[in-house]
Structures are given as structure tokens and as C-alpha cells.
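Per-entry structural report
Each chain, written out:
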Amino acid sequence: MPAIPKSSSSLFLGIELGVDQLRASIVDESLELMGVECVDFDAELPEYQTQGGIFTTPGEAYTTPVEMWLKGLDTLFEKLHRNYDLTKIKAIGGAAQHALVWWKSTTIPSLSSLDPHVPLHSHFPSQCFALPNTPVASDTSSHTHGLAIEAFLGGPDHMAARVGISSNPSMVAAQLLRVRETWPQEVWARTGRVQLASAFLASLITGKWSSMGEAEACATGAWVHGANQNATGQGYWDEGVLDIVGGSREEGRRVRGWLGDVDVSSGSRKIGNVSRYLVERYGFEPETVVAPFTSDMLSSYISLLPSSGDAVLSFGPMDTLLAPAQHYIPTRLYNLFPHPAQDATEKRKYIAVLTCRNADVPRALVRDMYTKSWSAFDRLVAIVPPGGSIGLDDKLFSFWHLQPDASPYSRVKGIFRFETGIKVNEFRDLRANPRCLLESQILSFRVKWSRMISTGVLGTPRKSSVSPTPTPLSGRSNPLTSSLGLPFDPYDPTPLPARVLTTGAAANFPSMANLVGDVFNAPVFIPFTQVDSAQVVPHRNAPAQGYPSRSALGGAYVARWVWGREWGAGGLGGFEDEVKRLLGKRWIATGGQLVRSNVNGTTNAVNPRGAGSSGGNSGSSTPYGHPNTRSGLGSTVLMEEDEAEDMDYDRSERNLLGAAAAANAPGVGVIGAGSMYGSAYGSAGERLRSQTGSTVDTLLSSSIASSVISSSSAFTTPDLGLGSLGVMSPSASTVPGIIGYNMGNGNGNAAGAATPTTPTPLTPVVALATSDAEAQVGLGKVAEPDVDAFMTYAAIVPEFSRLETMVVKGIV
């Protein structure tokens, strides 16, 4: 083993290839943040004319130009070379969005012998790729092809038992099948290699072809994991699935060659050193280690260092709930992936993943339909009681399925609302829509979690003492759950997460943070990097300028871990244990200072030991007051500049909005979710975007507008002067039921109505008193559990589950 370098100025680089940006984060040996850079595709590479880094086309297809990635990488390395001494970079790690790169079979430049005087995008022009514009994670055009593969394998249960996952629209096997069946034959014929974006990025950095990691292979729908009962001890490509994809045994073997081998080293060893090209062009040291790359979702997850019993809830264009799993028990109830960074000698660790594709898009749509700002949306959620009504027997439920989703929602599409168990076109109290949407999204995860726990995949339930915990009311709940077929006791909090670690713009809303804590009866934590970034840009998924992304930080952490193992500079073997050791060591050395959240020198807007509040529990209080000391940026930063920015984006995105489509029931309009992805919200990690009143004429047709919502004067909650909150009142609309929108001029005002007041900017969460254990790893508590609120939602769960089952079975 080589001697440990004597220099104490070692730095570690993490790179994330996101949908809308390329991001880089640099940390030192103690994992203190030292640098942040990014390249925004729309703003800095306008020649590609993307919106949020993607193109949208009919048929719910979302693609991105691969050449733009290459040019963005050139730009990112130029910034790093200009602003940092790259000879101090000892290791590089990274992550990338879920997308494929289709290389042509024709001769392409050798990765190991690139001319350092020529930028990457000149070495690999678009002619090198069989698909110059490749589908991204938000693409759902291959949904039916995934269902076809699932049917060939005997259904979702058989498929999950065989390859670890059931069908989903972004599954690699489904994307391959779609290209063969729907694209021109020459696209398939001229393909010579297929790489996931993470392996593509790693190949460019190492100067040699890199394999995908096993965690990502398990997401393809064609890989049999080594722990599977059908495996022989080591994973392998499922020839049966590849034959289905290729259409024949011969073509299946060809696809096997495209995908290449899989790195099954558990991510604990380096995949190579930095390429000669990067050494000579940008000044990296030849000995710079390159760690294994993985998906952006998993990299973000491991950056939060979750413990057994935790849940990581990531909000975005696709919401995901991830948890550490102790056993490999594949079912259709969840996806199961190997941990991407674990020591080969330790017991295998896994990550169970629950997903929901109908996430940011419905939230943006409800925001536009019922309010005129995110601030009003947040406050409206806070003032409406749990379940949309005070009475236990008249709760309101809504289910927004605008895009195809995984099992059991594969064939569900539409907007479904229920009052007193009866399907309605619109709630009598229009103000209940924002809260009911969020409750539906979180309750769905709560039900999925309980069903996942029943399989034993997470091991023995462990619930720490976080607050007064209700005693399971077995006598009360067992007959009820038995009659409804629930496999769990909704009143028992023991199987629920001990902590919920959240990321994504929706977590910045006090109402959402409190709602998560109430439903799961667990404290909610957000990384300081996001808490501080939210004070600048409250409702964007992309970090503010100078703030790191979690995926890039995860890559930097892995780079530090792998480098320590290579040079004997590490401590404990496991990734989480080693990172916690380093952060704990830094905490002691700095006298308990918080880890740096940005490179702007901005004061942290968190108070790890002091008292504070981000708003009370979501069912009883509002997030208006924030007594905490705010960051040095001051409140002026949050004035209506981001509202104006929204409108600027919206004007440029009109052409991406789809026409409304009819829902399952007559009179219920469904916005074309496919077209909204490119405009309202992009793919994973993309900044938040929403349409305002200026674009409502393209968002909703007048015929659907008149039937989607019926006007009502019946309110079950007190009128709290919604005009001052930025909430649209029914009387302000010239179209029945579309509150606050004038379909004629699209400016959000009714003819003759008074001009509405300027919306108050969203006041994001700030940290409550946080223990040292969480603060030293960079987590701030933003919500506490509340036993009364938990019991309220426990009473709602059976009816929610019953109605959701009806929606899934198509009997409403």
C-alpha cells in the first residue's frame, strides 16, 4: 500500500450530472465544504434550446441532447481549473441522472488517447450517438413496453421475484424495447454500446470504458442480483428478459454486449485514475483516484447517512421514500437495490425504494388552480384541518394520477375526489384541495411503508423515543383493519420511521414538513445545505448559487472514503461509519461549529441548540410567525423576485403545455401530464417551475374549466381573510369554479375586480433545536411529531386505503 501523502490540503471532488445542471462540490479531508460550481444548461448553453435541460415531444417523451452534457462538462472543468488548484484533488466521485447513452457501432475516438488541446464535445459530436437526444427519467413513453415485459414474465409478482423490481416507465429494459419497436430500424442497427449516464460520465473522467454499478444494474429490469434465489451466488444478466427486448436470442445476446459487464465490487474500490486528457488539459495529478459513480437518487441518499430505522423522503418531479434494508426480499411493493458504497467484507446492505411519479406536477397544478403563490399554497394547507374537514365522518380525499406510475397504479390516470366516501367532481370547500393533495401523497407513502414493513425487508421495527408515543389500540384497530384487508395497525407507530430525513423543494414548506412529522409520528430533518439555500430560493429544487447539491456531496464523500481505503487514511470500514467519524472529528476540532453549508460565507439560518419554530403542527397552526434569527441575507432577498422569475419562465414555456385530457369520470378534467413535465417541473433534481395566471389559457381549456370545478359558497373552515394571504376567492373568477383566473385575458383577475395584492413570498422552514448528534452530520430538525395529529391521521388511514384500492381497481 502506498505511503499516505504528507500534504494536509487534500481535496475531494464530487460531480453530478443532473437534468438541468452539471454540479460540482469540493470537500477537504474532514468533509468541510470548500467549493461549489455549476453549469446551468438553459442559461449557459442556450444554443441547445432546452427547457430545464430537456426537450418535450408528444407521447409523454422527454429527451436531452448528449452533446450538451459533453459541452457542459467542458465548461464545468474550465470553471474548476480557473477557480481551484486541481493538483490538490486527490479523488473524484460522482452521480448522474437516470438516462441512457446510445453509442454508435462505428469507429469513435479512443477514450485513452484524446487530444488535450481539443474540448470533449469536439471529440464526441452528436454523430457519435445512435440517439443524439436520449430519454431521461421523466420520460414515460415506454410505459406500455414495460408492462409488456412484465406480462411476458408472468405479472408484477413474478417479475419482482425474478429481477428484483416490477415494471416502471423509466426501466432500461422498457426503453430498449421501445427503441426497437417504435424508432426507425437504423437506430437499433447502428447501436454498438449502451451506457447509463453515470458510467458514461465515469468513462470520460477515467479515459476508459467504465461499467455500471450493481445498484444501477438492479434498476434495469434485466439483472438478477447475486442474493436472488435464482442466482448462483453472483449476479448476471437475465437472458430471458434480454431476448424479449431484442426480439430473438441472437438480438438478445447483442443487447447483452451493449450493456457490458457490471461492477459487483460494492463500490469500495477505485475504478481507475483520472485520464491523461484531464491531467494535461486541466492540471489534475495523474494519481488522482476515481471512485465508482452511481445514480443521483442513491448518491443523495447516502450523503444523508441514514441509520437503521430512518426514512429518506425526497421531493421532486418524482417523490421517493428510501430506507436502509437488511435483507434481500424482492416484491412488487417496492424496488430493492444494493447499497452503492459498502465494504466487501461487511454484511450486504440494501436500499428499499418507494416511488411516486405524480409529485411536483400535481403540486404545481393545484397551486395554479387554487392560489396565486407558493406562499398562499403553504398557508392554505396550514389553516385547513386534517382531512379537509373537522368532522371524522366527512373527511375529504383526492388522488392525482396525471402520469403513468408503477404497480399497482400502472393503469390509473385521472383526478379523483371523494367526500363522505362518494366520488365528486369538486370539493364544496375549494380551499381543501391543496391540503388534500399533500395528504394523499404522504398518506400513500405511509400505507406503502407499512405494507413494506410487513415483508420483513427492513428487519425488526425500531422506534426511538421521539415524543409521547400512543399505545397501539389493538382492540380498536384490529377489527377495522381486518374488515378492510389492511396488513397493519394504523394506530401503532412502532413500525414507522424513527426519523424522516427530507430533501427537495417541497420540504422547504413548513406545512409539508409538519405534515410529514404528523403522519409518520417522527421528527423531520433537513440538511443544513438545503435549509440555508431555501432562505435564498425557497421553492426551487436546484440549490441556490454557492450551495451544493446532495448528489454532488454524496459523490465527494464516496471519493474521500475510497481514497482513504486506497491510501490507508481511513478508519472504520463501512461508508456511513467512516463519514460519521470524519464529521465527528471535525465537530470536536472546531468546538461544535456547524458544517459549512455554502461557499458564500452566509450565516447559517439554523440554530442547533437554541429554541425556534418553523410553524406548529400542520393541523392546528400556521407558519406565519418565524421567531428564529434569519440569515444575514435579510428578508429582502425573498421579495417577489422569484414570483417575477416564475412568470419569465412561464412565458418561455407556453409551447410545452399540453391540452387537457378527459379523466376517467365525466366532467373531470386531467391536465396532460406529459407536456407539463417540461414546463412545470423537470426530471430529478431540476429546479421548480410552475405556471401562473398568465399561462392559464393554455393550461386549461374553457370547456374543461367550466366542468372541472363547480363554484361553491359552502366552507367548512372559517373565512380567515384569504385575500390577504394570496389565496384566490371564488368571487374573483369569471369562469365558474376556476378561482382567481380570467380565461379571457389570462391575467388572473376578473373583469372589473380589484387588482389583487402582491403575493407574500414563501417563508421557508428554519431549524428547531437540534441535538449535537444530528447537527454534527449536517442535519437540522424542522418539525416535531405530535401524538394527537398522528392519531387523527391514523383514523383516516383505513378510509384512505379503501378509496385508493377502489381507484386502483377502477371501480370508481
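Residues numbered from 1 in each chain as written. Predicted model: local features only at pLDDT ≥ 70, side-chain atom pairs only at ≥ 80, totals over all residues. Heavy atoms only, no water.

What follows deals with the layout of surface pockets. The calculated volume of the largest pocket comes to roughly 740 Å³. Lining the largest pocket are 28 residues, and of these Leu333, Ser407, Pro408, Tyr409 and Arg451 lie nearest its centre. Elements with a minimum of two residues in the lining of the largest pocket: β19 (350-356), α16 (432-453) and α27 (787-809). Counting residues per element, the lining of the largest pocket draws most heavily on α27, which supplies six residues. Classifying every residue of the lining of the largest pocket gives eleven nonpolar, eight polar and nine charged. (1 Å grid on protein atoms, 1.4 Å probe; cavity = no way out; pocket = protein on both sides within 12 Å on 5 of 7 lines; lining within 4 Å. Points joined across faces, edges and corners; volume = space filled by probe spheres on them. Helix = DSSP H or I, 4+ residues; strand = E, 2+ residues; numbered from the N terminus. Nonpolar A, V, L, I, M, F, W, Y, C, P; charged D, E, K, R; others polar.)

All right, on to the pairing of strand β16 (residues 310-314) then. Within β16, four of the five residues are buried, which leaves it mostly tucked inside the rest of the structure. Bridge count for β16 against strand β23 (residues 499-503) is five bridges, and the pairing is parallel. Within β23, the residue paired with Asp310 across the bridge is Arg499. Inspection of the sheet shows β16 paired to strand β17 (residues 319-325) by three bridges, in the antiparallel sense. Following the sheet pairing, Ser314 is matched in β17 by Thr320. Between β16 and β17, which pair antiparallel in sequence order, lie four residues. (Buried < 20%, exposed > 50% of the residue type's maximum accessible area, 1.4 Å probe, protein only. Pairing = 2+ DSSP bridges.)

Glancing now at the packing of aromatic side chains. If you walk through the whole model with that rule in mind, you get 20 aromatic pairs. Plain terms: the ring middles of Trp103 and Phe129 are 4.9 Å apart, the flat faces sit at 45° to each other, and that makes the pair tilted. Highlighted residues: Trp103 in strand β7 (residues 100-104) and Phe129 in the loop between α3 (120-123) and β8 (133-135), separated in sequence by 26 residues. Since its relative accessible area comes to 1%, Phe129 is described here as buried. Lying over the aromatic face of Trp209, Arg193 brings its terminal NZ or CZ to 3.9 Å of the ring centre. Between the NZ or CZ atom of Arg499 and the centre of the ring of Phe525, over which it lies, the distance is 5.6 Å. (Phe/Tyr/Trp six-rings, centres within 6.5 Å; stacked < 30°, edge-to-face > 60°. Lys NZ or Arg CZ within 6 Å of the ring centre and 35° of its normal.)

What follows is about the packing of helix α4 (residues 143-152) against helix α6 (residues 172-182). Viewed as axis vectors pointing N to C, α4 and α6 meet at an angle of 110°, and their least axial separation amounts to 8 Å. It follows that α4 is roughly perpendicular to α6 by the angle criterion. Here α4 contributes His145, Gly146 and Ile149 to the contact with α6, which in turn contributes Ala173, Ala174, Leu177, Arg178, Glu181 and Thr182. Each residue belonging to the contact of α4 with α6 can be placed in one class, and the counts come to four nonpolar, three polar and two charged. (Axes fitted to C-alpha atoms, helices over the stretch in contact; angles between N-to-C directions. Parallel < 35°, antiparallel > 145°, perpendicular 65-115°, else oblique. Contact = heavy atoms within 4.5 Å.)

Before going further, it helps to spend a moment on the nonpolar core. One finds Trp102, Ile149, Trp237 and Phe575 to be the most contacted residues of the largest nonpolar core, which totals 75 residues. Among the elements that line this core, the one with the most residues is helix α20 (residues 550-567), at nine residues. If near-sequence neighbours (up to four positions away) are discounted, Trp237 is found in contact with Met212, Ala217, Thr220, Ala222, Trp223, Leu242, Arg256, Leu259, Gly260 and Val262. By size, the runner-up hydrophobic cluster in this structure holds 72 residues, among which are Val361, Phe397, Leu402 and Val519. (Core = buried A, V, L, I, M, F, W, Y, C linked by side-chain atoms within 4.5 Å.)

Taken in spatial order, the three strands line up as β20-β21-β22 in an open sheet, and their pairing is antiparallel. The sheet is open, and its two borders are formed by β20 (396-401) and β22 (422-424), each paired with just one other strand. Sheet twist, expressed as the mean angle between neighbouring strand axes with direction ignored, is 30°. Sheet analysis places β20 next to strand β21 (residues 414-419), joined by six bridges and oriented antiparallel.

A word on the confidence of the model for the protein. Per-residue pLDDT for the protein has a mean of 80; in total, 76% of the residues score no lower than 70. Note that residues 609-726 has pLDDT below 50 and, in this model, 321 contacts with residues that lie over four places away or in other chains. (pLDDT = per-residue confidence, 0-100.)

Attention shifts here to the side chain of Glu804. Note that Glu804 resides in helix α27. Buried within the structure, Glu804 lacks any salt-bridge partner; its nearest side chain of opposite charge belongs to Arg451, at an N-O separation of 4.7 Å. Once residues lying within four places of it in the same chain are set aside, the contact partners of Glu804 are Phe399, Tyr409 and Ser444. (Lys, Arg positive; Asp, Glu negative; His and termini not counted. Salt bridge = Lys/Arg side-chain N within 4 Å of Asp/Glu carboxyl O.)

Glancing now at empty space enclosed by the protein. Applying the stated criterion across every chain yields a total of twelve cavities of 30 Å³ or more. Considering only enclosed or pocket space, the second largest cavity measures out at about 140 Å³ in volume. As for the second largest cavity, its lining consists of 13 residues, of which Cys356, Trp400, His401, Ser440 and Ser444 are closest to the centre. Put simply, the parts of the chain that give the lining of the second largest cavity at least two residues each are β20 and α16. With five residues, α16 is the largest single contributor of residues to the lining of the second largest cavity. Among the residues making up the lining of the second largest cavity, the classes are represented as five nonpolar, five polar and three charged.

Reading across from one edge, β3-β2-β1-β6-β15-β14 is the order of the six strands in this open sheet, with mixed pairing throughout. The sheet is open, and its two edges are formed by β3 (33-40) and β14 (272-273), each paired on a single side. Note that strand β6 (residues 89-96) and strand β15 (residues 289-295) share five bridges and pair parallel. Bridge assignment links Ile92 to a residue of β15, and that residue is Val290.

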